[in-house]
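Fold and contact review
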Amino acid sequence: MQIQGSPAVQANKVASWMNEYGIDGIGFDIEGTGLAIMTQNKPEDVVTFFTTLHTQLKARNKQSFLTVAGDLGSG
């Protein structure tokens, strides 16, 4: 997953999309090849995306889940 443009803007778009379609929760499983999110984006952009998304969803009484599974070689 590569974050296109501003991570905060993209997180807000996800939250708005979820609100528009009545979706109550979203989960991200980052493992194996999914760990590429850390190499395809700046670490601070990944943090901004997930922090902003969590904040926006919490304000709308929605949930977000983030599962990260890796090994020592993955960082």
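Residues numbered from 1 in each chain as written. Predicted model: local features only at pLDDT ≥ 70, side-chain atom pairs only at ≥ 80, totals over all residues. Heavy atoms only, no water.

1. Description of the packing of aromatic side chains
Spelled out, the test is: Pairs were defined over the aromatic rings of Phe, Tyr and Trp, the Trp ring being its six-membered one, requiring ring centres within 6.5 Å. Orientation was assigned from the angle between planes: stacked under 30 degrees, edge-to-face over 60, tilted for the rest. Exposed residues in this analysis have more than 50% of their type's maximum accessible area, buried residues have under 20%, and partly exposed residues fall in between, with area computed by a 1.4 Å probe over protein chains only.
With the rule as written, the count across this model stands at four aromatic pairs. For the ring pair Trp 17 and Tyr 21, a centre distance of 6.0 Å and an interplane angle of 50° mean the geometry is tilted. Ring geometry for Phe 49 and Phe 50: centres 5.0 Å apart, planes at 80°, overall edge-to-face. In this pair, the class of Phe 49 matches that of Phe 50, namely buried. Clustering of aromatic rings is evident, with ring pairs tying together Phe 28, Phe 49 and Phe 50.

2. Concerning the nonpolar core
One broad trend across soluble globular proteins is that nonpolar side chains are buried collectively. Just so we agree on the cut-off: We define a nonpolar core as any set of buried Ala, Val, Leu, Ile, Met, Phe, Trp, Tyr and Cys residues linked to one another through side-chain atoms lying within 4.5 Å. Think of it this way: any DSSP run of H or I at least four residues long counts as a helix, any run of E at least two long counts as a strand, and we number them from the N terminus. Residue contacts follow a heavy-atom distance rule, with two residues in contact if any of their heavy atoms lie within 4.5 Å.
Among the nonpolar cores identified, the biggest contains 13 residues, and Ile 26, Phe 28, Ile 37, Phe 49, Phe 50, Leu 53 and Leu 57 are the most heavily contacted of them. Of all the secondary-structure elements, those providing two or more residues to this core are α1 (7-20), β1 (25-31) and α3 (43-59). Ignoring sequence-local partners within four residues, the contact set of Phe 28 consists of Met 1, Phe 49, Phe 50, Leu 53, Phe 65, Leu 66 and Thr 67.

3. Description of the side chain of Thr 52
Note on placement: Thr 52 falls in helix α3. Excluding residues within four positions of it along the chain, Thr 52 makes contact with Ala 8, Ala 11 and Asn 12.

4. What about the environment of Gln 2?
With respect to the secondary-structure elements, Gln 2 resides in the segment before α1. Using a relative accessible area of 49% as the deciding quantity, one classes Gln 2 as partly exposed. As a C-alpha pair, Gln 2 and Met 38 span 36 residues in sequence and 9.1 Å in three-dimensional space. Not counting residues within four places of it along the chain, the set of residues in contact with Gln 2 comprises Gln 40 and Asn 41.

5. Quick word on the pairing of β1
Note the following rule: The criterion for strand pairing is that DSSP finds at least two bridges linking the strands in question.
Alternating positions in β1 separate cleanly, Ile 26, Phe 28 and Ile 30 being buried on one face and Gly 25, Gly 27, Asp 29 and Glu 31 remaining unburied on the opposite face. By the bridge criterion, seven bridges tie β1 to strand β2 (residues 63-69) in an arrangement that is parallel. Bridge pairing in β2 links Gly 25 to Gln 63.

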